[in-house]
Amino acid sequence: MRLRKSATKAAASAAAAALLCSAALTDAAATDAAPAISFTADPLSTWQTNGIVWSLAYAHGVVYAGGTFDSVRPPGAAPGRREVARRNFAAFDARTGALLPCAPQFTGGEGTVRALKVSPDGRVLYVGGSFSRVGGTGVASAVALDTAGCTLRRDFRPAVSATVRAIEATGDTVYLGGDFDLISGRSRHRVAALTPAGALLPFTADLDRPVRALSLVSARHQLFVGGDFDWVNGRQAHALATLDSATGATVRSYPGWIPDNSSVRTIAHDDTRFYLGGDGHGRGSYDGRMSGRLDDGALVWKDHCQGATQAVLIHRGVLYSGSHAHNCSWTPGGFPERHDRQHLLAQQPGTGEILHWFPDTNDGMGEPVGPRALTLAGDTLWVSGEFTEVNDHPQQSLTRFGAGPDTGAPEVPVLDVATTNPGQVTLRWQTSWDRDTASLSYRLYRDGRVVSRQRASSTFWNRPWLTYTDSVPAGTRHQYRIEVTDGTNTSPRSRALDVAVPAKPPTAAAGTP
């Protein structure tokens, strides 16, 4: 949800959680190895905006960003410094991150771009939101750009009566979802299908409240629809439904999946399953991610993290998401309530288990919820939203993560003396943690020579203590330092810890009374 929820928000019962976990393991064999993460947790140098970026899209080496902003600025620049005008839309080189000259201005209406989608051939970028002009041309909340020249197309200009929040596209059909009830003067309630030339298609579905997410499974001729709605085509179908992609008829609804005080904000799919993210308000609401089977619509797994999920993306056997997750106690691999947030997650798509990949943002401005959109550009994951920090450093609304190499060393541990005795020193330290790697190796030095090597797993919520007892001559002095490595990057050695080893007490002389 948008506001932080109290720890009293009911996690699902242990029995329900166990049942869902069991179902997940049945669907995806428990022997499956954890999938490999495709991205490091180290952010790449990226331009920033001075407002929220709601949507991202990629085509032919260019990443497009749409949102509610009026300027962008280079990596590292503070707000108000070195700003370049961009009205709710910007384009960047996907490889270098450099700002590109493609800069149509989207203004009027509420002055915001909410949805971007590229045609399958990458030649057309469909843009939706709440705007009435693109440059000097009058439009109505949905347009198309030719990606080759970044020019406004003359054909796709439907008159949409209210905000467009989601777009899907095939070679011959463009689906719009949002708040509208009219398109080009004809009745279309919250979802519509058009030709690439902007003509309405017979597809007709009646939804009573806004649509916020669309995901088309072309091979099955099905359109997944998510949002705030309660009724679809005259029947109850809260927040999630599957429609026939040609007619708009209801194929399937999902009773009991989403509580009444929650909505679906994002949907994705692979060849066998679909995935969605929830956003709720109040006690008993739902904020996490869940998965279902495409063939029969059965629930596969459902995590119970709190913190509204705004974006999901499936890539090479891993489900990535943007949210402001907290209290994932009932989710395999999850973390307890700590009254902080983890805004980016990677999960095993067959079971929902949280994997060890923890780049992070803050909540940021606006509602605030942190990340809003994810898109893949080659081997780089782009993330946008309303955040103002990434991995605890200033970075506003845009960031990206590449395939490597991993360059972030774990934080150096703090070494301390637990006990000293004649001939013996026991040292202790709390384990460090790394955003990419759970298992870390610790090397302890005495007077410049390694005396101990230990390996331990740790996470940001579970950092166990380690100890080492060193045997040294009584009455001597030594310097100890420690370093930690993730196997690729090694921390600096800690500051020297000087230890005086107690001398043995004098032995009483023979015959002394």
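Every value quoted in this text rests on a predicted model; they were computed, and no experiment measured them.

Visitor: Would you explain the overall build of the chain in this entry?
Guide: Of the regular secondary structure elements, the chain holds one helix and 43 strands. Judged by the C-alpha coordinates and their principal axes, the chain covers about 115 × 55 × 35 Å. For the chain, the proportion of its 513 residues judged to be buried stands at 54%. Within the chain, contacts between residues at least 6 apart in sequence are counted, and of these 51% link residues at least 24 apart. Of the roughly 21,000 Å² of accessible surface on the chain, 49% is carried by carbon and sulfur atoms. Each charge class in the chain was averaged separately, 50 positive and 47 negative side chains, and the resulting centres sit 3 Å apart.

Visitor: Please clarify how the environment of Thr96 should be interpreted in this entry.
Guide: For Thr96, the location among the structural elements is in the loop between β6 (89-93) and β7 (106-107). Look at Thr96 and you get partly exposed, because its relative accessible area is 37%. Measuring from C-alpha to C-alpha, the distance between Thr96 and Arg153 comes to 28 Å, with 57 residues separating the pair along the chain. Dropping the residues within four chain positions of it, Thr96 is found in contact with Ser45 and Arg400.

Visitor: Got a minute to help me understand the sheet that holds strand β27 (residues 289-293) in this structure?
Guide: Paired through backbone hydrogen bonds, the strands of a sheet run either parallel or antiparallel to each other. Judged by pairing direction, the sheet is antiparallel, and its four strands sit side by side in the order β25-β26-β27-β28 without closing on themselves. Pairing within the sheet leaves two strands with one partner each, and these edge strands are β25 (262-269) and β28 (299-302). Adjacent strand axes in the sheet meet at a mean angle of 25 degrees, parallel and antiparallel pairs treated alike. For β27 and β28, the ladder comprises three bridges, and the chain directions are antiparallel. When the bridges of β28 are listed, Ser291 appears paired with Trp301.

Visitor: Sorry, what's going on with the pattern of salt bridges here?
Guide: Where charged atoms from two side chains of opposite charge come close, those side chains can pair. Here the structure, examined in full by the defined rule, presents 17 salt bridges. With a shortest N-O distance of 2.7 Å, Asp179 and Arg165 are connected by a salt bridge. Of this pair, Asp179 sits in the loop between β15 (174-178) and β16 (182-183) while Arg165 is found in strand β14 (residues 164-169), placing the two residues 14 residues apart along the sequence. Among the ionic pairs, Asp295 bridges to Arg293, the shortest N-O distance being 3.8 Å. Classification of Arg293 as partly exposed rests on a relative accessible area of 26%. Each of the salt bridges in this network shares a partner with another, and the network as a whole consists of Asp146, Arg153 and Asp155.

Visitor: So what exactly am I meant to see when it comes to the packing of aromatic side chains here?
Guide: Each aromatic ring pair is described using two quantities: the centre-to-centre distance and the angle formed by the ring planes. For the structure shown, the criterion picks out 20 aromatic pairs. A network of ring pairs unites the aromatic residues Phe335, Phe358, Trp433, Phe460 and Trp461 as a single cluster. One cation-aromatic arrangement involves Lys302 over Tyr286; the distance from NZ or CZ to the ring centre is 4.9 Å. For the cation-ring pair, Arg493 lies above Tyr445, with the distance from its terminal atom to the ring centre recorded as 3.6 Å.

Visitor: How do you make sense of the side chain of Thr163 when you look at a structure like this?
Guide: Mapped onto the elements of the fold, Thr163 is located in the loop between β13 (151-152) and β14. Taking the relative accessible area as the measure of exposure, Thr163 reaches 5% and is therefore buried. Beyond its immediate chain neighbours, meaning those up to four positions away, Thr163 contacts Glu110, Arg114, Gly129, Ser130, Gly178, Asp179 and Phe180.

Visitor: It is not clear to me how the confidence of the model for the chain should be interpreted in this structure. Could you clarify?
Guide: The predicted coordinates ought not to be read in detail in places where the model reports low pLDDT. Averaged over every residue, the pLDDT of the chain is 93; residues scoring 70 or more account for 93%. Within the model, the stretch residues 1-31 combines pLDDT values under 50 with 57 contacts to residues more than four positions away or in other chains.

Visitor: Help me understand the state of the cysteines, please; the structure alone is not making it clear to me.
Guide: With the rule as written, the count across this model stands at two disulfides. Disulfide partner of Cys102: Cys150, at an S-S distance of 1.9 Å. Judged by the sign of its S-S torsion, about 65 degrees, the bond between Cys102 and Cys150 is right-handed. With Cys102 in the loop between β6 and β7 and Cys150 in the loop between β12 (142-146) and β13, the pair connects residues that are 48 residues apart, well separated along the chain. Cys102 sits in the buried class, given a relative accessible area of 12%. Residue pairing for Cys305: its cysteine sulfur links by disulfide to Cys328, the two sulfurs lying 2.0 Å apart. Every disulfide takes its handedness from the sign of the S-S torsion; for Cys305 and Cys328 that torsion is 125 degrees, giving right-handed. Of this pair, Cys305 sits in the loop between β28 and β29 (311-315) while Cys328 sits in the loop between β30 (318-325) and β31 (342-347), placing them 23 residues apart in sequence. Cysteine pairing for the chain, with bonded cysteines counted in sequence order: 1-2, 3-4.

Visitor: Looking at this structure, how should I read the nonpolar core?
Guide: Nonpolar side chains tend to gather and get buried jointly when the protein is soluble and globular. Tyr64, Phe89, Phe106, Leu116, Leu125, Val127 and Phe131 are the most contacted members of the largest nonpolar core, which has 19 residues in total. When residues of this core are traced back to their parent elements, those giving at least two are β2 (52-59), β3 (62-68), β6, β8 (112-118), β9 (124-130) and β12. Residues in contact with Leu125, not counting those within four places in the same chain, are Ala57, Tyr64, Phe89, Leu116, Lys117, Val118, Val143, Ala144, Leu145 and Thr147.

Visitor: Is there a simple way to think about unusual backbone geometry in this case?
Guide: With glycine set apart, most residues show a phi of negative sign, and most peptide bonds adopt trans. A cis amide bond links Glu367 to the next residue, Pro368, at an omega of -15 degrees. Of note, Pro368 is situated in the loop between β31 and β32 (371-377). With omega at 5 degrees, the peptide bond leading from Gly404 into Pro405 counts as cis. The residue Pro405 is located in the loop between β36 (398-401) and β37 (416-421) in this model. Of note in the backbone geometry, Arg82 takes a positive phi value of approximately 55 degrees without being a glycine. Summarising the element assignment, Arg82 is placed in the loop between β4 (71-73) and β5 (84-85). For Arg82, a relative accessible area of 59% translates into the label exposed. Its identity is not glycine, yet Asn391 carries a phi of approximately 50 degrees, on the positive side. Tracing the sequence through the fold places Asn391 in the loop between β34 (389-390) and β35 (393-394).

Reading guide: rules and limits
- Residues numbered from 1 in each chain as written.
- Predicted model: local features only at pLDDT ≥ 70, side-chain atom pairs only at ≥ 80, totals over all residues.
- Heavy atoms only, no water.
- Helix = DSSP H or I, 4+ residues; strand = E, 2+ residues; numbered from the N terminus.
- Buried < 20%, exposed > 50% of the residue type's maximum accessible area, 1.4 Å probe, protein only.
- Contact = heavy atoms within 4.5 Å.
- Areas by Shrake-Rupley, 256 points an atom, 1.4 Å probe, with all protein chains shown as cover.
- Lys, Arg positive; Asp, Glu negative; His and termini not counted.
- Charge placed at Lys NZ, Arg CZ, Asp CG, Glu CD.
- Pairing = 2+ DSSP bridges.
- Axes fitted to C-alpha atoms, helices over the stretch in contact; angles between N-to-C directions.
- Salt bridge = Lys/Arg side-chain N within 4 Å of Asp/Glu carboxyl O.
- Phe/Tyr/Trp six-rings, centres within 6.5 Å; stacked < 30°, edge-to-face > 60°.
- Lys NZ or Arg CZ within 6 Å of the ring centre and 35° of its normal.
- pLDDT = per-residue confidence, 0-100.
- Disulfide = S-S within 2.5 Å.
- Core = buried A, V, L, I, M, F, W, Y, C linked by side-chain atoms within 4.5 Å.

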